[in-house]
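The chain contents come next:
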Amino acid sequence: MKFKRETYKSTLNNFASLVCFILLWELLSIVVSSPFFPGPLDVIKAFLVLLVEGDIEGISLLSHITASVSRVLLGFSLAVVTGIPLGLVMGLRRTVYGSVKSILEPLRFIPPIAWIPLAIILLTGYARYMLIIWLGAFFPVLLNTITGVQTTNPVLVDVAKVFGADKKTIIMKIVFSNALPEIFAGMRIGLGVGWMCIVAAEMIGGEMAGLGWLILKYGELLDVASMVVGMVLIGVIGLLMNEAFLRAEKNLFRWRKEVTL
Amino acid sequence: MRYKVEVENVSKFFVNPNGEKLYVLKNISFKVYDGEFLCFVGPSGCGKTTLLRIIAGLETPSSGKVTVEGSPPNPSRIRIGFVFQEEALFPWRNVWNNIKFGLEVRGAYEAKMVKDTIRLVGLEGFENYYPHQLSGGMRKRVAIARALAVNPSILLMDEPFGDLDAQTRWIMHKELFSIHEKLKKTTILVTHNVEEAVYLADRVLVLTKRPATVKKEVFIRLERPRNKLNSQFIKHREEIIGLLREEVPEI
């Protein structure tokens, strides 16, 4: 009961601050009164135009969105299928992690955007998107998997051993199950980071669709309102994906005492 | 009478960081009869847990021989029920799925076996609860049920009630007694609680301080259920406490 009331209250507060923000923004745009500083009304107008008519090349907003989302989901999936198995191996065999640390650790501090020239030289087409998004999503998945594996309670492994469980069973039923919440959190963060790489990826992908591409194109045209539409959409879609993940985590890991929301 | 467990001249040492051998068990020998309830009591840190882990096949002795049902303890061949000292339930599995775990691992899962075990330990209605939703005593019941569900040859318990409050512990003693009456499982219980040992055991092995050897075996031939205020009960209890005091004068 109390919880429900709190969520209700927080929704109300958020709604109020959003309204305030939009009002202030509108006010500021009136004060500034420049074609390069659109107010929320201009942005909404640009949004409607993009939605109904599509962009200047006639590509609909929906295809921009699906292009970006599918690219990110693909790159993210690649990060999941590479990050989880590697994380399991490195979590279980500390020597493996220790041996490749000097490669892995510097690598993860190179921002995806720094890879752009190399991606242009070495790769073409879809592979470019995949590389940039994978770079963003991979490390959170990998590192969280390693952490999750290493938090396995040795007593639980003993329980399985006493029942005669083999290595594979122990890894799947104990180590993996135990690491799963951590892995999911890593996936959520990875998806977020991957999504944030979309503009960088679409700078070099070459296809004329995608929200990142939309922003860049309207940037060049100095159509700031349409550009902001792309930005807001990236923000909102990112938020929705994160929320979806949090919901899933909350349902999947009800056995945990607390799930952060 | 047939022996269920035979421990012959078992020693176990660990090598400490200075490279010295640290003996925790030295030349321990004893036998456990089929259906017997055996307790180990001994000063804390004397190696009781290590001994139990060797019998379970979780550790190997440095020298000597352990056999369970005539062959070396091998969890993949012999069904062993082990109740750990620590909290050892799978937090991501509900009561039902925790209890079925051993059967699942052995590929012998049958809903009836889980159901029967749940009834035996009195957890009906809690099948869908997760460990964190249960009290300490109930979590212990789940741990015991999980060990019993595989119909083990031997039941090994490592200070299972150490972290419970006195009242819950007393209830668990009674429960364990009635479970043993029903199933007659060969049971080895490690405890530092002398009253618990005298209440439950057919025989108590008093261990010396590290490295542990068997100091004395005390047969408890009192009628069951036992009365903790009975003079014979108190006599046994005091005898064992006396033996322990020889090992650890501070008691």
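Worth saying up front: this structure is predicted, and the values here are computed from it rather than measured. (Residues numbered from 1 in each chain as written. Chains lettered and ligands numbered in written order. Predicted model: local features only at pLDDT ≥ 70, side-chain atom pairs only at ≥ 80, totals over all residues.)

**Points about the overall build of chain A**
Right, so step 1: Assigned secondary structure in chain A consists of eleven helices and zero strands.
Right, so step 2: Start at the N end of chain A and walk to the C end: the helices and strands fall as α-α-α-α-α-α-α-α-α-α-α.
Right, so step 3: Principal-axis analysis of the C-alpha atoms places the extent of chain A at approximately 75 × 60 × 30 Å.
Right, so step 4: For chain A, buried positions account for 35% of its 261 residues.
Right, so step 5: Of the contacts formed within chain A by residues at least 6 apart in sequence, a portion of 72% connects residues at least 24 apart. (Helix = DSSP H or I, 4+ residues; strand = E, 2+ residues; numbered from the N terminus. Buried ≥ 20, exposed ≤ 12 C-beta atoms within 10 Å, placed from the backbone. Contact = placed C-beta atoms within 7 Å.)

**Observations concerning the overall build of chain B**
Right, so step 1: Along its length, chain B carries seven helices and nine strands.
Right, so step 2: By the compact-globule yardstick of 18 Å for 251 residues, chain B fits well, its C-alpha radius of gyration being 18 Å.
Right, so step 3: Summarising its shape, the C-alpha atoms of chain B cover approximately 50 × 45 × 40 Å along the three principal directions.
Right, so step 4: The 251 residues of chain B split such that 42% are buried.
Right, so step 5: Partitioning the intrachain contacts of chain B with sequence separation of at least 6 by distance along the chain shows that 69% fall at a separation of at least 24. (Rg over C-alpha atoms; globule rule 2.2 N^0.38 Å.)

**With respect to the interface of chain A and chain B**
Many authors give the size of an interface as the accessible area that is lost as the parts come together.
Right, so step 1: Contacts between the two partners involve 14 residues from chain A, matched on the other side by 19 residues from chain B.
Right, so step 2: The set of elements that each furnish at least two residues to the side of chain A that touches chain B consists of helix H7 (154-162) and helix H8 (167-196) of chain A.
Right, so step 3: Of the residues that constitute the side of chain A that touches chain B, the class distribution is eight nonpolar, three polar and three charged. (Nonpolar A, V, L, I, M, F, W, Y, C, P; charged D, E, K, R; others polar.)

**Quick word on the sheet that holds strand E7 (residues 186-191) of chain B**
Residue and element names in this part refer to chain B.
Right, so step 1: The strand order across the open sheet formed by six strands is E5-E6-E7-E3-E8-E9, and the pairing between neighbours is mixed. Single-partner strands in this sheet number two, and they are strand E5 (80-83) and strand E9 (214-219). Each strand axis lies, on average, 15° off the axis of its neighbour in the sheet, ignoring direction.
Right, so step 2: Here five bridges tie strand E6 (residues 154-158) to E7, and the two strands are oriented parallel to one another. The residue of E7 that forms the bridge with Asp158 is Val190. (Pairing = 2+ DSSP bridges. Axes fitted to C-alpha atoms, helices over the stretch in contact; angles between N-to-C directions.)

**Re the packing of helix H3 (residues 61-92) of chain A against helix H6 (residues 126-150) of chain A**
Right, so step 1: Interaxial distance between H3 of chain A and H6 of chain A falls to 6 Å at its minimum, and their mutual angle equals 35°. Every pair of crossing elements has a handedness; the one defined by H3 of chain A and H6 of chain A is right-handed. (Left-handed = near helix turned anticlockwise from the far one by under 90°.)

**Some thoughts on the environment of Lys48 of chain B**
Residue and element names in this part refer to chain B.
Right, so step 1: Tracing the chain through its elements places Lys48 in helix H1 (residues 48-56).
Right, so step 2: Look at Lys48 and you get buried, because 25 C-beta atoms sit within 10 Å.
Right, so step 3: For Lys48, the contacting residues outside a window of four places in its chain are Phe40, Gly42, Val190, Leu207 and Ala212.

**Thoughts on the sheet that holds strand E4 (residues 63-68) of chain B**
All names here are of chain B.
Right, so step 1: With antiparallel pairing, the three strands of this open sheet are ordered in space as E2-E1-E4. Since the sheet does not close on itself, it has two edges, and those belong to strand E2 (21-33) and E4, each with one partner. If you compare each strand with its neighbour and ignore which way they point, the axes differ by 20° on average.

**Observations concerning unusual backbone geometry**
A negative phi holds for most residues other than glycine; trans holds for most peptide bonds.
Right, so step 1: Cis geometry is adopted by the peptide bond preceding Pro211 of chain B, which originates at Arg210 of chain B and carries an omega value of -5°.
Right, so step 2: Tracing the backbone through its elements, the reader meets Pro211 of chain B in the loop between strand E8 (203-207) and E9.
Right, so step 3: Each neighbour pair has its own omega, and for Arg224 of chain B with Pro225 of chain B the value is -5°, a cis peptide bond.
Right, so step 4: A positive phi angle, near 60°, is found at Leu222 of chain A, a position not held by glycine.
Right, so step 5: Considering the arrangement of structural elements, one finds Leu222 of chain A in the loop between helix H10 (211-220) and helix H11 (224-252).
Right, so step 6: Assessed through the 9 C-beta atoms surrounding it within 10 Å, Leu222 of chain A is described here as exposed.

**Notes on the nonpolar core**
Right, so step 1: Among the nonpolar cores identified, the biggest contains 120 residues, and Ile132 and Ile133 of chain A together with Ile55, Leu156 and Val204 of chain B are the most heavily contacted of them.
Right, so step 2: Top contributing element to this core by residue count: H6 of chain A, with 15 residues.
Right, so step 3: When residues no more than four places from it in sequence are discounted, the contact partners of Ile133 of chain A are Arg71, Val72, Gly75, Phe76, Gly194, Cys197 and Ala201 of chain A.
Right, so step 4: Ranked by size, the runner-up nonpolar core spans six residues in total, among them Ala46, Leu50, Leu61 and Ala225 of chain A. (Core = buried A, V, L, I, M, F, W, Y, C linked by C-beta atoms within 7 Å.)

**Considerations on the environment of Gly186 of chain A**
Residues and elements named next belong to chain A.
Right, so step 1: As for its position among the elements, Gly186 is in helix H8.
Right, so step 2: Sequence separation between Gly186 and Ile121 is 65 residues, and the spatial gap between their C-alpha atoms is 30 Å.
Right, so step 3: In contact with Gly186, not counting residues within four places along its chain, are Pro140, Val141, Leu143, Asn144 and Thr145.

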